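# Analysis of the macromolecular model
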Amino acid sequence: MPEVRLVSSVEGPDGAPVVILANPIGTTRAIWAAQARVLREDYRLLRFELRGHGAPGARSDAPPGPYSIAELGTDVLSLMREYGVATAAYCGISIGGMTGLWLAANAPERISSLVVCCAAITPMPSRQSWLDRAALVRSEGMAAIGEMVPPRWFTPDFIARQPAAVAFVVDMLLGTDPAGYAGCAAAIAAMDLRPALGAIKAPTLVIAGAEDQAAPPWQGAMTASGIADSRLRVIRGTSHLAPYQTPGPVTAAIRAHLAAS
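Keep in mind it's a predicted model, so treat the numbers as computed, not measured.

Under the criterion given, the structure shown has ten salt bridges. Glu11 serves as the salt-bridge partner of Arg47, at 2.6 Å between the closest nitrogen and oxygen. Residue Arg47 is found in strand E3 (residues 44-48), and its partner Glu11 is found in strand E1 (residues 8-11); the two are separated by 36 residues along the sequence. The class for Arg47 is buried, based on a relative accessible area of 11%. A salt bridge links Arg51 to Asp75; its shortest N-O distance comes to 2.7 Å. With Arg51 in the loop between E3 and helix H2 (69-83) and Asp75 in helix H2, this pair connects stretches of sequence that are 24 residues apart. Taken together, the shared-partner salt bridges in this structure form one network comprising Glu11, Arg40 and Arg47.

In structure tokens form, the structure reads like this:
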């Protein structure tokens, strides 16, 4: 099969250690803006858009789905080859974190350090819910889930206090190609990463949002308990998009982990 063309970018000092930042489903690279401002001082950041994701005019390819977590991981390995990156630290949110777990288990020589943020390892709340969501966006477009998703991404308090910040991310969702979103949703529906955990050797930090419904802290605890040399950090007062809602503590935790790895 031909390689899938992903929109991507690199920033940071030449020759610095590479850190890959991977996004949640329905978002763009801009979700990492707060972390990028800090990390690009010391690291070379490789960011990319998932299949069918990205800003209008700068979307990654969206081949016919369904996709698998393994295919999304292979996309990342192709990007690493494209940029001449032999090894990298990897930080992923939600499906980005799921992909990181697959990479660390299946291409361990390529992943030097891992941060898994707000990612489940079995479909939440259920496999069928993701299949239903994929079918919905295929038939009715992204607007069909525009009101359903924010309460799963953010705490009620954040939605009430920061409407512009919420709207910024909802615009990312609405700008996603329905085919790409549906393909990624099917990948989440089909995944079970529990068998992969024991193969992961990279130093791993698991971050969970204390109020995350989409990937509850118990999922983070299950992930960390299955990986040797891993730690779990639960961030209070935040939900599924913790790096965006509460960038301060999340950025500090990522930076400390990368420095120690």
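There's more to say after this.
Strand E5 (residues 111-117) sits mainly inside the fold: six of its seven residues count as buried. Strand direction decides the pairing type here: strand E4 (residues 88-93) and E5, joined by six bridges, are parallel. Note on E5: the bridge partner recorded for Tyr90 is Leu114. As for the winding sense of the linkage, the β-α-β connection from E4 through helix H3 (residues 95-106) to E5 is right-handed.

Here the focus is H2. With 15 residues, H2 extends 22 Å from end C-alpha to end C-alpha; this agrees with the ideal 21 Å at 1.5 Å per step. Within H2, burial applies to Ile69, Leu72, Gly73, Asp75, Val76, Leu77, Ser78, Leu79 and Met80. In this fold, the buried residues of H2 make contact with E1, strand E2 (18-22), E3, E4, H3 and helix H8 (178-190). Phi turns positive one or two residues past the end of H2, at Gly84, with a value near 70°.

Attention now goes to empty space enclosed by the protein. Following the criterion strictly, the structure yields two cavities of 30 Å³ or more and no others. As a volume, the largest cavity reaches approximately 170 Å³. Residue lining of the largest cavity: 21 residues in total, with Ser94, Trp130, Arg152, Ala214 and His240 positioned closest to the centre. At the level of secondary structure, the elements contributing two or more residues to the lining of the largest cavity comprise helix H4 (127-140), helix H5 (150-153) and H8. For the lining of the largest cavity, the class distribution of residues is 16 nonpolar, three polar and two charged. Of the pockets and cavities examined, the second largest cavity occupies roughly 40 Å³. What lines the second largest cavity is simply Val116, Cys117, Cys118, Ala119, Val206, Ile207, Ala208, Ala215, Pro216, Gln219 and Gly220. Those elements giving two or more residues to the lining of the second largest cavity turn out to be E5, strand E6 (204-209) and helix H9 (217-225). Per-element tally for the lining of the second largest cavity: the top contributor is E6, with three residues.

What follows deals with the nonpolar core. Among the nonpolar cores identified, the biggest contains 88 residues, and Ile20, Ile95, Leu101, Tyr181, Ile207 and Ile254 are the most heavily contacted of them. Excluding residues within four positions of it along the chain, Ile20 makes contact with Leu46, Phe48, Val76, Met80, Ala88, Ala89, Tyr90 and Cys91.

Residue Pro66 follows Gly65 across a cis peptide bond; omega there is 0°. Note on placement: Pro66 falls in the loop between E3 and H2. The residue after Met124, namely Pro125, is reached through a cis peptide bond having omega 0°. Mapped onto the secondary structure, Pro125 falls in the loop between E5 and H4. At Asp229, a position not held by glycine, the phi torsion is positive, near 60°. As for its position among the elements, Asp229 is in the loop between H9 and strand E7 (230-235).

Criteria and thresholds
- Within each chain, residue numbers correspond to sequence positions counted from 1 in written order.
- Two thresholds apply to this predicted model, a pLDDT of at least 70 for residue-level local features and 80 or more for giving and counting side-chain atom pairs, whereas whole-chain, interface and lining totals are computed over all residues.
- As a convention, hydrogens and water are excluded, and side-chain values are obtained from all of the structure's heavy atoms.
- Each salt bridge in this description consists of a side-chain nitrogen of Lys or Arg and a carboxyl oxygen of Asp or Glu lying within 4 Å of one another.
- Numbering of helices and strands starts at the N terminus; helices are DSSP runs of H or I of at least 4 residues and strands are runs of E of at least 2.
- Whether a residue is buried, partly exposed or exposed follows from its accessible area with a 1.4 Å probe, protein chains only, as a fraction of its type maximum: under 20%, in between, or over 50%, in that order.
- Between any two strands, pairing holds if DSSP finds at least two bridges.
- Viewed with both strands pointing away, a crossover whose connecting path from the first strand over the helix to the second turns clockwise is right-handed.
- Residue count minus one, scaled by 1.5 Å, sets the expected span of a helix.
- Residues are treated as being in contact if the distance between any of their heavy atoms lies within 4.5 Å.
- Cavity: a set of points on a 1 Å grid over the protein atoms alone where a 1.4 Å probe fits but cannot get out. Pocket: an open set with protein on both sides within 12 Å along at least five of seven lines, its lining residues, like those of a cavity, having an atom within 4 Å of a point.
- Grid points are joined across faces, edges and corners, and a volume is the space filled by probe spheres set on the points.
- Throughout, the ten residues Ala, Val, Leu, Ile, Met, Phe, Trp, Tyr, Cys and Pro are labelled nonpolar, Asp, Glu, Lys and Arg are labelled charged, and all others, Gly among them, are labelled polar.
- Put simply, buried Ala, Val, Leu, Ile, Met, Phe, Trp, Tyr and Cys residues joined by side-chain atoms within 4.5 Å make one nonpolar core.

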